[in-house]
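Each chain, written out:
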Amino acid sequence: DLRYICENMLMSEGFIIARPLAFKFVTLYSLCKELLSKQMHYDWGLRAVKSLLKQAGTLKRKEPKSDENPVLCRALRDFNVPKITTL
């Protein structure tokens, strides 16, 4: 299950509250996968998840004392906003 993969990856990247963050993350990615179009640049698979969580780990290591929710949100924003296109 993707939630357990995310939880373990977050823990390995140094996140303390990995379980609730993984739940939120998987919920968001599931909604994106269901609601956004099926175009190729919308990659919501395991490869994208792994890349994003590694980026979140890099941000976490830069600011080890900061709150983990905004760190993951920043990684989500930085990683996903370039994918979203408008007509």
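The rules behind each value
- Residues numbered from 1 in each chain as written.
- Predicted model: local features only at pLDDT ≥ 70, side-chain atom pairs only at ≥ 80, totals over all residues.
- Heavy atoms only, no water.
- Helix = DSSP H or I, 4+ residues; strand = E, 2+ residues; numbered from the N terminus.
- Buried < 20%, exposed > 50% of the residue type's maximum accessible area, 1.4 Å probe, protein only.
- Core = buried A, V, L, I, M, F, W, Y, C linked by side-chain atoms within 4.5 Å.
- Contact = heavy atoms within 4.5 Å.
- Salt bridge = Lys/Arg side-chain N within 4 Å of Asp/Glu carboxyl O.

## Some details on the environment of S12
Moving on, step 1. Take S12: it is sitting in helix α1 (residues 2-12).
Moving on, step 2. Take S12: its relative accessible area is 59%, and that puts it in the exposed class.

## Digging into the nonpolar core
Moving on, step 1. One finds C6, L10, F25, Y29, L52, L53 and L72 to be the most contacted residues of the largest nonpolar core, which totals 22 residues.
Moving on, step 2. At the level of secondary structure, the elements contributing two or more residues to this core comprise α1, α2 (18-35), α3 (46-62) and α4 (68-80).
Moving on, step 3. The element best represented in this core is α2, accounting for seven residues.
Moving on, step 4. Beyond its immediate chain neighbours, meaning those up to four positions away, C6 contacts A22, F25, V26, V49 and L53.

## A closer look at the pattern of salt bridges
Moving on, step 1. Per the stated rule, a full pass over the model turns up six salt bridges.
Moving on, step 2. Residue R74 pairs with E63 through a salt bridge whose shortest N-O separation is 3.5 Å. Remark: E63 occurs in the loop between α3 and α4 and R74 occurs in helix α4; sequence separation between them is 11 residues.
Moving on, step 3. Residue class for R74 comes out partly exposed when judged on its relative accessible area of 24%.
Moving on, step 4. When salt bridges with common partners are traced through the structure, they connect E13, K54 and R61 into a single cluster.

Such coordinate-based values are descriptive only and should not be taken to indicate function.
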